[in-house]
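Chains, contacts and geometry: an overview
So you can see what is in the structure, the chains are spelled out below.
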Amino acid sequence: MFKSTERPSTSRRTFLQRMAISGLAVGPGGGLLAACATGGGGDEEPDAAQGTETPAEGDPDNPLGVDAEGEVEIWIFNGGFTDKYATDVHEPILQAKYPNLTINHNAAVDIGAELQARFVAGDPPDFVNNSGDGQMDTAQLVADEQLADLTPLLDAPSWDDPNVKVRDLLVPGTVELGTFSGKPYQLNYAFTLFGLWYNKTLFDENGWNTQPRTWDEMLELCAEIQEFGLAPWVYQGETAPRYMNWPLLSMAIKQAGPDIMVPVDNLEEGAWKQEPILQAAEAIYRLAENGYFMPGIEGMDFRDVQALWAQGEAAIVPSGSWLENEEADVIAEDPAFELAYMFEPLLDESTAVLPLEALRATAGEPYFIPADAKHPQAGMEYMRAMISKEGAEGFSNEVSSLTATTFDIEIRNPGLASANEAKNAAGENTYNWFYPSWYPTMENPGIDQVTRKLLLAEVNPEQWADECEAVAKSIREDDSIPKQTR
Amino acid sequence: MRHRKYPFVLAFLAPGLLVYGIFMLSPYAQAIWFSFTDWSGLGRATDIEFIGFGNYLRLLDDEQLRVALRNNFILLIVVPVVTLLIALFLASMLNVGGRRRGAAVTGVRGSAVYKVVYFFPLVLSTAIVAVLFNYVFAPARAGGVLNTISNAIGVDWVLERIRGEGRGEILWFGEPAFLIWIIAVVMIWSFVGFFVVVFSAAMQSIPRDIYEAALLDGSSRFNTFRRLTVPLVWDTVKVSWVYLAIQAMDAFALVHIILGVNGGPDGQGDVLGVAVYRAAFAESNAAYAATIGVLLLLLTMAITLMFMRALRRERVELA
């Protein structure tokens, strides 16, 4: 019934031989194709960035030399902000000035997937909002000489007032943030500020102090709120105790100046034991000692905590200016609810280096012009239109975020309006620190978990500083982590 | 007429070869070329520079890559063996495992239903499987299926007594050593159904009278399975094994979605496919990504050849 046969070795051998032959036959062709696919595009056209037209010098109406009859290809990241702010706010501003300019608007969720191949082929668009999960590495693009220098834009007269340069309408630090290897390549247009947020409705009803000037006043306020029967403070639960680092380090900076964070960012030994940082930790520790944090939040998700705060169960929460947007659904449930910004109080008013009205801020949402763009002047002109009063106001009201511009604008959302007032009050007194972006694992889980213990009063400020030092040490001694300094 | 044969054959082969050349061979050739360059993936094609074996030297020093290699090796051993054993067992139960009046050789009761049910995982795309299993292994308060069930029967209570206050739950994704095994479980789960169907088809083609003869000779079920069913479907097993081995070298989508681009806590769930992706898109180093890709290609080819050789066995012909 069964019959064993030889293995089909002959047929396999002939099969492999045929494979080899056909492989050979296709081989050179394949190589040719490869050459086509990787070598295409770039060599056929001259560098468009060094285009034939030079900007008409001194033309105040068209300082960048836009071809008014030309075309501009714009790519916007379709994420949290969507692309409506471009189609409804910025592009109409540009179109109004150049009625015959063809605006080729594109939106994408994955910017890299859409555009990376075009950069490689030397055929990128004129304006890119490089954001989202598919964000291309800006530093690498700069290293590959793919981006246009934005200096002409920054030195151009501004959209609204020819006597003011574009550069002077940007919040201090914005240009530096977009500067790589000494040249500005990236415009960070959105603006995030960090601080304390209070339930304005509740504060107004009870006549509470909406801006304690010193930490002692803050503690008095907390006692009053606790007596009233509310939790004075919350933080972001088990998800992110590190949010409390922000007021902590902010208070240290206001006391001693932004330079106090330089040793921290540079991972220097003893950085976390500097006196102002210890003082600030002591201040935060007092909240824990006095039971001013809402009980039980240490086991909660951050959205749940923030919802409790928005529902009036707690008075003060640390966060960034995205908070109003993040909790929009909860806020919408109570039309009377308003939130407002509160500066972190000073530790010692008599010796503080910065005024009370100073805050931590970062510019975000990157935009750039590709070096190989066909009409880079129009891309830059579009940026110039964004940095107009109308552009900034439209953006803020459309996407509920501030901009990195210094215009005095009207904002509808109460929380964002209050953040905008704070931004204007702070003026040049903004600061930031970098270790969380340089060493993400140092901030989380590192310092995050140490601060959690401080907030639970499981460690005192000295022990907290010791443990922070240990976290910094582990990062410092890990050779696999590339180090940054400032 | 003989000399007229070749133009005719070529006319039919050319379009296929062209498509194959453009979409298969040319990407291979390009990837191999990129592995010898410094291309970031963002630079202009015209600026690509040849740097020799630099990327391959870096490969030797890459510790994270060793983790990925180890994990692919674990998958390579575990996934095919376990999947094939389970699939063979289930398929034989469905087709020849039952005994019924009037039919000596048949499937177990309800086998028609099982056949459909086993096929379900295959209907789901990998992305959905990955998201589903995220919820299976999540902590109980985040809706984790496994932990909710195990807590309900008191596992958390026991663990809390052993490990102390508030630690009464196994955090599957929090334990680096578990990660690759979670991936293995998910892969096995999603592949078994397909091979049950494949083996069922193979078993259906075995003549019934062989089984009846074995039955008359008093062969036990296990003996029938081992000495009859398995040898007669061995060719299918062999092909399946190679296919699963190739799949085990991949696992990209599952790891990327379940554990993230860094391969989970401590990077301990990393696999080569994710390392390629990370190099190309997180680190903007397309050349290095291509280098890992070449390594992956060589490994997959070597493993395929190895399996083909190792699994060679006298073919049985039914006559």
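Because the structure is predicted, anything quoted here is derived from the model rather than measured.

This part covers the overall build of chain B. A tally of regular secondary structure across chain B gives 14 helices and three strands. At 25 Å, chain B has a C-alpha radius of gyration far larger than the 20 Å of a compact globule built from 319 residues. Taken over 319 residues, chain B has a buried fraction of 33%. A sequence separation of at least 24 residues applies to 68% of the contacts in chain B between residues at least 6 apart.

Attention shifts here to the overall build of chain A. Secondary structure assignment for chain A yields 20 helices and 13 strands. The buried share of chain A, reckoned over its 486 residues, is 44%.

Bringing the nonpolar core into the picture now. Formed by 139 residues in total, the largest nonpolar core has its most connected members in Val234, Ala280 and Phe293 of chain A. Tallying contributions element by element places strand 7 (residues 186-199) of chain A first for this core, with nine residues. If you count residues domain by domain, this core takes at least three from each of domain 1 (55-189 + 362-424) and domain 2 (212-355 + 434-476) of chain A. Trp39, Phe137, Leu244 and Ala248 of chain B belong to the second largest nonpolar core, which has 65 residues in total.

What follows deals with the pairing of strand 2 (residues 71-77) of chain A. Of all seven residues making up strand 2 of chain A, six are buried, and the element is well covered by its neighbours. Since strand 2 of chain A and strand 3 (residues 102-108) of chain A lie parallel, the crossover through helix 2 (residues 84-97) of chain A that links them has a hand, and here it is right-handed.

Turning our eyes to something else, we now look at the domain arrangement of chain A. Size of an interface, as often reported, equals the accessible area lost when the parts are brought together. Residues and elements named next belong to chain A. When the domains of chain A are assigned, the result is domain 1 (55-189 + 362-424) and domain 2 (212-355 + 434-476). The C-alpha-based centres of domain 1 and domain 2 are spaced at 34 Å. Listed as interface residues are nine residues of domain 1 and, on the opposing side, nine residues of domain 2. For the side of domain 1 that touches domain 2, the leading source of residues is helix 17 (residues 414-426), giving six residues. Split into classes, the residues belonging to the side of domain 1 that touches domain 2 amount to five nonpolar, four polar and no charged.

Low-pLDDT portions of the prediction should not be read for the details of their coordinates. Of all residues in chain B, 92% have pLDDT values of 70 or greater, and the mean over the chain is 86. We note a pTM of 0.71 for the whole complex and an ipTM of 0.71 for its interfaces.

Quick look at helix 1 (residues 5-34) of chain B now. Maximal helix bending in helix 1 of chain B amounts to about 45°, located at Gly21 of chain B. For helix 1 of chain B, the set of buried residues is Gly21, Ser26, Ala29, Ala31 and Phe34 of chain B.

Moving on to the packing of helix 2 of chain A against helix 15 (residues 376-386) of chain A. All names here are of chain A. One can describe the packing of helix 2 onto helix 15 by two numbers: an axis separation of 9 Å at closest approach and a directional angle of 115°. Handedness of the helix 2/helix 15 crossing: right-handed. Each of His90, Ile93 and Leu94 in helix 2 lies in contact with helix 15, whose residues at this interface are Glu381, Tyr382, Ala385 and Met386. Its residues placed into classes, the contact of helix 2 with helix 15 shows five nonpolar, one polar and one charged.

All names here are of chain B. Between helix 2 (residues 54-61) and helix 14 (residues 286-310), the least distance of the axes is 9 Å, while the angle of their chain directions is 70°. Relative to helix 14, the element helix 2 is oriented roughly perpendicular. Across the interface between the two elements, Asn55, Tyr56, Arg58 and Leu59 of helix 2 pack against Ala287, Tyr288, Thr291 and Leu295 of helix 14. For the contact of helix 2 with helix 14, the per-class residue count stands at five nonpolar, two polar and one charged.

What follows covers the environment of Asn104 of chain A. Residues and elements named next belong to chain A. Assignment of secondary structure puts Asn104 in strand 3. Taking C-alpha positions, Asn104 is 41 Å from Pro318, a pair spaced 214 residues apart along the chain. Ignoring any residue separated from it by four or fewer positions in sequence, one finds Asn104 in contact with Glu71, Val72, Glu73 and Ile74.

As a further point, take the pairing of strand 7 of chain A. Along any regular strand, the residues point their side chains to alternate faces of the sheet. All names here are of chain A. Most of strand 7 is tucked away, with 13 of its 14 residues classed as buried. The pairing of strand 7 with strand 12 (residues 402-403) spans two bridges and is classified as antiparallel. Each bridged residue has a counterpart across the sheet, and for Ala190 the counterpart in strand 12 is Thr403. As defined by bridge partners, strand 7 adjoins strand 9 (residues 314-320) across five bridges and the pair is classed as antiparallel. Across the sheet, the residue bridging to Trp197 is Val317, located in strand 9.

Residues and elements named next belong to chain A. Although it is not a glycine, Glu145 sits at a positive phi angle of roughly 55°. With respect to the element layout, Glu145 can be found in the loop between helix 4 (138-143) and helix 5 (151-155). Classification of Glu145 as partly exposed rests on a count of 13 C-beta atoms within 10 Å. Not every positive phi belongs to a glycine, and Ser400 is a case in point at roughly 60°.

To continue, consider the environment of Ile206 of chain B. Mapped onto the elements, Ile206 of chain B comes out in the loop between helix 8 (179-204) and helix 9 (208-216). The sequence separation of Ile206 of chain B and Leu228 of chain B amounts to 22 residues, and the corresponding C-alpha distance is 9.6 Å.

Conventions adopted
- Residues numbered from 1 in each chain as written.
- Chains lettered and ligands numbered in written order.
- Predicted model: local features only at pLDDT ≥ 70, side-chain atom pairs only at ≥ 80, totals over all residues.
- Helix = DSSP H or I, 4+ residues; strand = E, 2+ residues; numbered from the N terminus.
- Rg over C-alpha atoms; globule rule 2.2 N^0.38 Å.
- Buried ≥ 20, exposed ≤ 12 C-beta atoms within 10 Å, placed from the backbone.
- Contact = placed C-beta atoms within 7 Å.
- Core = buried A, V, L, I, M, F, W, Y, C linked by C-beta atoms within 7 Å.
- Domains from an automatic or database assignment.
- Right-handed = clockwise from strand over helix to strand, strands pointing away.
- Nonpolar A, V, L, I, M, F, W, Y, C, P; charged D, E, K, R; others polar.
- pLDDT = per-residue confidence, 0-100.
- Bend = angle between axes of the 7 residues up to and from the residue.
- Axes fitted to C-alpha atoms, helices over the stretch in contact; angles between N-to-C directions.
- Left-handed = near helix turned anticlockwise from the far one by under 90°.
- Parallel < 35°, antiparallel > 145°, perpendicular 65-115°, else oblique.
- Pairing = 2+ DSSP bridges.

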